[in-house]
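Inside the fold
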Amino acid sequence: MTKKPATEQLIHLVFGGELLDVANVTFKDLKKLDVVGFYPNYATAHITWQAKARATIDNAKMGYFIVSFHRLLYHKR
């Protein structure tokens, strides 16, 4: 029997990269995406996203995003 985690994991992904245009989410080069990491909840992901966004504030075309990865997952038995 597998042990259930103490708290539910609501996995979030933080990633970013240079955009072609600030009005659209189209990346200049997908090979250069910055996959920052996966986080167990939105609050932790938001702290990381905020730090990355602030670190790149001088480049208007640089964009970082949070994806609610847990919503994309499905359980297959």
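Everything here concerns the structure above.
Because the structure is predicted, anything quoted here is derived from the model rather than measured.

Taken as a whole, this structure holds 1 salt bridge when the rule is applied. A salt bridge links D34 to K52, with the shortest nitrogen-to-oxygen separation between them at 3.2 Å. Remark: K52 occurs in helix α1 (residues 42-55) and D34 occurs in strand β2 (residues 34-39); sequence separation between them is 18 residues. In this structure K52 comes out as partly exposed when scored by relative accessible area, which is 28%.

Here we come to α1. Residues spaced three or four apart along an α-helix point in a common direction, a consequence of the helix completing one turn every 3.6 residues. The terminal C-alpha atoms of α1, which comprises 14 residues, lie 20 Å apart, in line with the 20 Å expected from a rise of 1.5 Å per residue. Looking at where α1 begins, the residue whose side-chain oxygen comes 3.3 Å from the main-chain nitrogen of A43 is N41.

The rules behind these values
Residues numbered from 1 in each chain as written. Predicted model: local features only at pLDDT ≥ 70, side-chain atom pairs only at ≥ 80, totals over all residues. Heavy atoms only, no water. Salt bridge = Lys/Arg side-chain N within 4 Å of Asp/Glu carboxyl O. Helix = DSSP H or I, 4+ residues; strand = E, 2+ residues; numbered from the N terminus. Buried < 20%, exposed > 50% of the residue type's maximum accessible area, 1.4 Å probe, protein only. Expected span 1.5 Å × (residues − 1). Polar contact = N/O pair within 3.5 Å; in protein donor to acceptor, adjacent residues only side chain to side chain.

Read these as spatial facts, not as claims about activity.
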